[in-house]
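# Architecture at a glance
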Amino acid sequence: MTLDDQEFLERFAMIMSESGYPRMAARVFAALLVSDDGRLTAAELADRLQVGPSAISGAVKYLMNVGMVARERDPGERRDRYRVDQVAWFTAALASDHVYRRFEEGALEGLAVFGRDTPVGARLEETRRFFAFLRREVPMLMHKWLEQESGDVAPVQARQPDGAQGSGDRAQ
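Residues numbered from 1 in each chain as written. Predicted model: local features only at pLDDT ≥ 70, side-chain atom pairs only at ≥ 80, totals over all residues. Heavy atoms only, no water.

## Focus on helix α2 (residues 23–34)
Put simply, the test is: Helix numbering and strand numbering both begin at the N terminus, where a helix is a DSSP run of H or I of at least 4 residues and a strand a DSSP run of E of at least 2. Take the number of residues in a helix, subtract one, and multiply by 1.5 Å to get its expected span. In this scheme, a residue with accessible area under 20% of its type's maximum is buried, one over 50% is exposed, and one in between is partly exposed, where area comes from a 1.4 Å probe on protein chains only.
Taking 1.5 Å per residue, twelve residues should reach 16 Å; α2 reaches 17 Å between its end C-alpha atoms and fits that length. Within the span of α2, buried status applies to Ala25, Ala26, Arg27, Val28, Phe29, Ala30, Ala31 and Leu32.

## Observations regarding the environment of Ala13
With respect to the helices and strands, the residue Ala13 is situated in helix α1 (residues 3–18). Among the residues examined, Ala13 registers a relative accessible area of 0% and is labelled buried. Sequence separation between Ala13 and Arg27 is 14 residues, and the spatial gap between their C-alpha atoms is 4.9 Å.

## Topic: the packing of aromatic side chains
For clarity, the cut-off: Aromatic rings from Phe, Tyr and Trp, taking only the six-membered ring of Trp, are treated as a pair when their centres fall within 6.5 Å; an angle between ring planes under 30 degrees marks them as stacked, one over 60 as edge-to-face, and anything in between as tilted.
Enumeration over the complete set of coordinates arrives at six aromatic pairs. Between Phe12 and Trp89, the aromatic rings sit 6.5 Å apart at their centres with planes inclined by 70 degrees, giving edge-to-face as the arrangement. Pair noted here: Phe12 is in helix α1 and Trp89 is in helix α5 (residues 88–95), with a separation of 77 residues, a long-range link. Summarising the aromatic geometry, the rings of Tyr100 and Phe131 are spaced 6.1 Å apart at their centres and angled 40 degrees between planes, so their arrangement reads as tilted. Remark: Phe131 occurs in helix α7 (residues 119–150) and Tyr100 occurs in helix α6 (residues 97–114); sequence separation between them is 31 residues. When its relative accessible area of 17% is taken as the criterion, Tyr100 is described as buried. Taken together, Phe8, Phe12, Phe29 and Trp89 form an aromatic cluster joined through their ring pairs.

## Regarding the packing of α6 against α7
As a reminder of what qualifies: Geometry is summarised by axes, namely lines fitted to C-alpha atoms with helices restricted to the contacting stretch, and by angles between N-to-C directions that run from 0 to 180 degrees. Put simply, angles under 35 degrees are roughly parallel, angles over 145 are roughly antiparallel, angles from 65 to 115 are roughly perpendicular, and the rest are oblique. Two helices that cross are described as forming a left-handed crossing if the nearer one is turned anticlockwise from the farther one by less than a right angle, and a right-handed crossing if clockwise. For this analysis, residues touch if any pair of their heavy atoms sits within 4.5 Å.
Where α6 meets α7, the closest approach of the two axes is 8 Å, and the angle between their N-to-C directions is 155 degrees. Overall, the two elements α6 and α7 adopt an arrangement that is roughly antiparallel. When the axes of α6 and α7 are compared, the crossing they make is left-handed. Only Val120, Gly121, Leu124, Glu125, Thr127, Arg128, Phe131, Ala132, Leu134, Arg135 and Val138 of α7 make contact with α6, whose side of the interface consists of Asp97, Tyr100, Arg101, Phe103, Glu104, Ala107, Leu108, Gly110, Leu111 and Phe114.

## Notes on the side chain of Arg135
Put simply, the test is: A 3.5 Å cut-off defines polar contacts: any pair of N or O atoms within that distance qualifies, except that in protein one atom must be a possible hydrogen donor and the other a possible acceptor, and neighbouring residues in sequence count only when both atoms are side-chain atoms.
Looking at the secondary structure, you find Arg135 in helix α7. Within the local environment of Arg135, its side chain forms a polar contact with the side chain of Asp97, the two groups lying 2.9 Å apart.

## Here's the deal with the pattern of salt bridges
Test applied: Between Lys or Arg on one side and Asp or Glu on the other, a salt bridge is scored when a side-chain nitrogen of the former is within 4 Å of a carboxyl oxygen of the latter.
Counted under the stated rule, the structure contains 15 salt bridges. Between Glu10 and Arg27 there is a salt bridge, and its shortest N-O distance comes to 2.7 Å. With Glu10 in helix α1 and Arg27 in helix α2, this pair connects stretches of sequence that are 17 residues apart. With its nearest N and O atoms 3.3 Å apart, the salt bridge here joins Arg81 to Glu44. One end of the pair, Arg81, is in strand β3 (residues 81–84); the other, Glu44, is in helix α3 (residues 42–49), with 37 residues separating them in the sequence.

Okay, here's the thing in structure tokens:
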């Protein structure tokens, strides 16, 4: 990699890190993203990022758990290669549903404590409605993205996390 490539990798990793991704996971994802074929071994990642194997291991586990990186092995090879999942950003957007659900449910709990007819209750109800809206709309937006990109929306339904269809506006 050239200095410019490495600088971009670190800048992109910083964007991801500032958006909530663990720093090393962001660096590993950025390194994979800017590699020639989007695939690297753990040793290649460690060398490129100048870190130890344990740092790569933890970062790769995180990225695999959130669906942004896949592990594969070429026939006859002994080492795993990690690659950017083709639908990494799509998967990450859908995975946010559990975060939205937690905020929505937290706001509902607060409504039980503070009541709906209080200033706090009004703010909590707006919070609840906002996250209910996101839970309904994000899966539909991701569906539209896949239609635009491939014309084939079947993979969307197979990859959505549990409950990603949205909760509706359940609290009355």
